Structure formats: C-alpha cells, structure tokens
Amino acid sequence: MTPRNTTEPERPFTGRLAEPPAFHHQWMLAGNPARFFERLIREHGDFIHYRGVIGFHLINHPALVHQVLKNTHRHYDKNSHVYNRFRNAFGDGLVTAEGESWKRQRKLLQPIFGPASIRRFFDLMRDSATGATERWSGRAANGEVFNIARDMERLTLEVAGRAFFSQAFDRTADRIGRWTLAINRYCAIPPLPVISDLRFPTPLNLRLRRVLSEYREFLRDLIRERMTGDMKDDLLGVLLTTKDEDTGEVMSEDEIAQEVLGMIIGGHESSSTALTWIWHELDRHPGVEQRLVEEIQAVCGDEPLTLEKIPQLKYANMVIQETLRLHPPFWFENRNTISDVELAGVHIPQGSMVVFSRYSLQRHPDFWDSPDEFRPARFDPDQPENPESSHAHIPFGSGPRVCIGRHFAMMELLVILTTVLQRYRVIVDSSDRHEMAARVTMVPKYGLKVRLEPRSSTPGR
Ligand code: HEM
C-alpha cells in the first residue's frame, strides 16, 4: 500500500525558523546523528538553521518536505557532502546523477522497474527465500542462535544479484559480497570532503579503489560474454538492450556499470535492513505476528505464495509500512540549493544544505497518535488511523526522485516475509543486545540474534 493519493499536504506549516547557538550539541553528530536531529527538533521546532562544522537548514514538517522534494524540486540538487561520498563510490548512476543525465537515465529505467515489469522477478525472489529457509532447517532443529541481520543481507544480495546477473551471480556471490562490504564501509565514514576523496590514500580509500576496479573487470567480462551471444533476460540484459526512444542510443558499458553497482548496493541493503526490523517488531508484538500468520494461512493455505495472491496480503502490507515508518532504512535526506530559495517565508541562499530526518518526520507527534508505538492498523487503507499523515510517511521518498525500486522492494519484502513465516517463528534470543544505529541506513547496531521455531506444516510438502 502506498500512502493515499493526495497531492498537497493537509496542514500548512505555520511555525517560524529557529536559530540555535552555533555548534549546539554538535558532539552528538559523532555518535548517533538521528538522535542529534531528534533533539534539535524537540528543543527548537520543525524549521531550524543550524550553524556548525557543516551548516544546514533542518526541516521536519510534511509541508516543507513536500515543497523541497516536489513543488520546488528544480531549485535543489544532490551536490552535497553526503551525496558526493556516494558519487565517489557509485559514480553517476541514477541515485546521484543530476540534470539532463538524470532525466535521460530515469526515462530509460522507469519502465524496467514499473509494477508490471518487476513481476517477472517473483519466481527468483520466492526461490531465493525458499532456499534460505531450507538452509536454516539444521539451525532450527538445533535451536541455534544466529544473527538474522547477516542472513537477510545475504538473501537480499542474492535476490538483487540474480535479478541483475542470473546464474553469473551465483558463481561470483562471495566476491560480490566482499565488494559490497568494502563499499558500505566507505559510505559509512563521516562525509568529510578530503578524507572521502579517493585520491587521499587511507586504507579504506585504497581498498575501495581496488574493489571498484575488480568490480569493473567482472562486469566488463560479463558484458563481453553477453555481447558474444549469451544474452539473458535479466536486468543486465535489459540494460544492454534498452534504447532511448528519441535518440535510439543504448547505455554505454560505463553507464551500466555505475547503474548496476548503485542499485545492487543501495537496493539490497535497504531491503535487508527493513526485514531485520520486521523480525524485531514481530517478536515484540505477538498479536501482530499471530494476525499476520493467520492472513498468510488464509491466503496461501499450505502452498507456497503465488504472484496472483500478493494483492491479498493486505495485513502484511500494513506491517511493512508500519515498520518502514518507525525504522526508515534511508533515514536521512539532504539537498543542495542551486539558486536562492524561499522556504516558509525564509530566504535561503544558493549553495545551502537543506536536510530532514525521516526518522523524526515519520514519528511527528502532530501527525501520528502515539508515534513511537508499532501499530500496523494505522495503514488500514479502509480506515486509516491518522488521515492527515500521508505526507509524513515517505520511506521511499517523494517527487520526481522517488525510489525507482519501490515496487521491486515491496514485492521482495512480501515474498520473504511470507516464505519465512510459513515455515518458522522467528524468536529474538534473550542474548540480543538492542540499540539503534543511524549510519547510511538505520540498523540495529549489533544485528538481531534469533532462534527459529519450525511450524507444524511446510508449504508445498
Ligand atoms: C526497502 C527498500 C528501499 C527503500 C526504503 C528505498 C528508499 C529510497 C529513497 C528514500 C530514495 C529517494 C532518495 C531521494 O529522495 O533522493 C530512493 C531512491 C532510489 N532507489 Fe530506493 N529504496 C529501497 C529499495 C530499492 C531497490 C530494491 C532499488 C533497485 C532495484 C532501489 C533503487 C533506487 C534508485 C536507483 C534511487 C534513485 C532514484 C532517482 O534519484 O531517480 N531502491 N530509494
């Protein structure tokens, strides 16, 4: 379910700009930046001009966010410290591209990720999820405690890898896993301009350079393989053959490499994080888990999930939305002003950074009742609990740069959630140490230690 289809936020912003003292609570940025923004908002309101090592305008009201991402998006781009760090790692794929280059890429890629096109990935998603649950049978039988966050990472990487490279992923899975880890480590460092520059020879930068060149070589070989006859119907095959409607041009090898890398890294990590939070919340809310299992039983019986049944998983959808609200994987967003802009009557000069925290926005007490409580019923499409909250829920972004992979991600989450729950109850172990960490994505800092309890019947057997 996506939020209701309204175009303008229901409530205008009526507050004023606050200017806390320079460097206010700056030390908190080094620990947990989501808590830093939360505290600023609690003390100073929904519109703040922060002056510190890095200065920014912080917005925390749906009407302001809507204005930046949608109504006046042309006045903003992603030339910020944070996105420049991603640019070093991924190049200029869709996530970081700007202007004409972004427009061209988005137009080419949009149809590939539309709701109808991504249906063909259903089988591979279900097969990968089923494979993971089968590999877990020994663990379940032995009552083994393991970190399910790692398994979710492996599983969503496999889904993304197979969607892009078919079986070539399986041959290279370990290497791709290592490359991903190195890139994620690089992206998680503070976005300080000099240190992030790949020419600066820190061990992390040198490692990233090596990894990127290995990845390019892997992709070059694979593209050559495809060009010499072994063309496949996976995402790489589609990218190699998709033509610009107007010019008839195909994407260059370099463009494809940047695109694929950004999507595999960004797409698999966000989905695995969301899944880990779902297991965390279901364990804490047995009533929700019970209702979810009942829905799955009613929809699928003892058979594996099929593509046609996905729309019937309404409660599962609500559970996912509520998890994405409380634990938005990409919790932080930022834009750079490319001209002078006016926001809520305030003049903001060109070259300023405007930021918001999805974590705070999606827990805004003016838009959500008991905002910290996990209540999937909020997202009941027939009876939404907080009818004015649609613009306070944007886990996939909003406006022209809304996540292109959102339909893919939602289907993947539904398939994995259903497949695992049909076979196991996921129980968080008493040894689990819980703390939220806000890195590139928002994660449980120490992962999630769980045990599995087999259910009495196994689908398809
Ligand atoms: C739960 C999973 C996911 C979440 C929460 C998520 C979230 C987001 C968000 C918030 C943005 C917008 C950033 C902005 O405003 O600039 C975004 C953009 C993007 N996402 Fe996702 N994403 C997810 C999964 C995926 C997947 C699976 C893919 C690819 C298959 C993907 C590919 C992209 C791309 C390419 C963009 C850039 C779009 C553009 O700027 O035109 N995402 N994502």
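Just above, that's the structure.
Okay, so let's go over this structure. Computed from a predicted model, the values in this text were never measured in an experiment.

Even without glycine at this site, Ala 344 takes up a positive phi of about 50°. Residue placement: Ala 344 occurs in the loop between strand S6 (341-343) and strand S7 (346-348). For Ser 370, which is not glycine, the phi dihedral falls at a positive 40°. As for its position among the elements, Ser 370 is in the loop between helix H16 (358-361) and helix H17 (406-423).

This structure, assessed with the given rule, holds 33 salt bridges. Glu 158 serves as the salt-bridge partner of Arg 162, at 2.9 Å between the closest nitrogen and oxygen. Within this pair, Arg 162 and its partner Glu 158 are both found in helix H8 (residues 148-165), separated by 4 residues, close to a single helical turn. Overall, the relative accessible area of 12% leaves Glu 158 in the buried class. One salt bridge in this structure joins Glu 333 and Arg 335, with 3.1 Å as the shortest N-O distance. Side by side, Glu 333 and Arg 335 carry an identical accessibility label, which is buried.

Right, let's get into the sheet that holds strand S5 (residues 332-337). Taken together, 5 strands build an open sheet; the order of strands is S1-S2-S8-S5-S3 and the sheet is mixed. Two strands lie at the open edges of the sheet, namely strand S1 (47-50) and strand S3 (76-77), each paired on one side alone. Here S1 runs beside strand S2 (residues 56-59); their pairing, made up of 4 bridges, is antiparallel. Bridge pairing in S2 places Ile 48 opposite Leu 58. In the packing of helix H2 (residues 33-44) onto the sheet, the strands contacted are S1, S2, S5 and strand S8 (353-357), and the crossing angle to S2 comes to about 75°.

Enumeration over the complete set of coordinates arrives at 17 aromatic pairs. Taking 6.3 Å as the distance between ring centres and 50° as the angle between the ring planes, the aromatic pair formed by Phe 164 and Phe 165 counts as tilted. Residue class for Phe 164 comes out buried when judged on its relative accessible area of 5%. With a centroid separation of 5.3 Å and an interplanar angle of 85°, the aromatic rings of Phe 165 and Phe 218 are classed as edge-to-face. Of this pair, Phe 165 sits in helix H8 while Phe 218 sits in helix H11 (residues 203-227); the two residues are 53 residues apart in sequence, bridging distant segments of the chain. Summarising the burial analysis for this pair, Phe 165 and Phe 218 share the class buried. Among the aromatic side chains, those forming a connected cluster through ring pairs are Phe 36, Phe 37, Tyr 50, Phe 56, Trp 331 and Phe 332. Looking at Arg 11, its charged tip hangs above the ring of Phe 367, at a distance of 4.6 Å from the centre.

Before going further, it helps to examine the sheet that holds strand S12 (residues 449-454). Pairing is antiparallel across the open sheet formed by 3 strands, whose spatial order is S4-S12-S9. Every other strand in the sheet has two partners, leaving strand S4 (146-147) and strand S9 (424-428) as the edge strands with one partner each. Note: S4 against S12, 2 bridges, orientation antiparallel. Paired with Asn 147 across the strands is Lys 449, a residue of S12.

It is worth spelling out the side chain of Ser 270 at this point. Summarising the element assignment, Ser 270 is placed in helix H13 (residues 253-284). Exposure remark for Ser 270: the relative accessible area of 14% places this residue in the buried category. Aside from chain neighbours lying at most four places away, what touches Ser 270 is Pro 329 and Phe 330.

With respect to protein ligation, the iron atom of the ligand binds only Cys 403 (SG), at 2.3 Å. Note that Cys 403 resides in the loop between H16 and H17.

For S9, a buried count of 4 out of 5 residues is recorded, marking the element as mostly surrounded by other parts of the structure. As defined by bridge partners, S9 adjoins S12 across 5 bridges and the pair is classed as antiparallel. Residue pairing in the sheet places Tyr 424 in a bridge with Pro 454 of S12.

Here Thr 441 is to be found in the loop between strand S10 (436-438) and strand S11 (442-444). Setting aside anything within four residues of it in sequence, one finds Thr 441 in contact with Glu 269, Thr 273, Pro 329, Phe 330 and Trp 331.

About the thresholds
Residues numbered from 1 in each chain as written. Predicted model: local features only at pLDDT ≥ 70, side-chain atom pairs only at ≥ 80, totals over all residues. Heavy atoms only, no water. Helix = DSSP H or I, 4+ residues; strand = E, 2+ residues; numbered from the N terminus. Salt bridge = Lys/Arg side-chain N within 4 Å of Asp/Glu carboxyl O. Buried < 20%, exposed > 50% of the residue type's maximum accessible area, 1.4 Å probe, protein only. Pairing = 2+ DSSP bridges. Contact = heavy atoms within 4.5 Å. Axes fitted to C-alpha atoms, helices over the stretch in contact; angles between N-to-C directions. Phe/Tyr/Trp six-rings, centres within 6.5 Å; stacked < 30°, edge-to-face > 60°. Lys NZ or Arg CZ within 6 Å of the ring centre and 35° of its normal. Donors = N, O, S within 2.8 Å, 3.2 Å for Na, K, Ca; no water.

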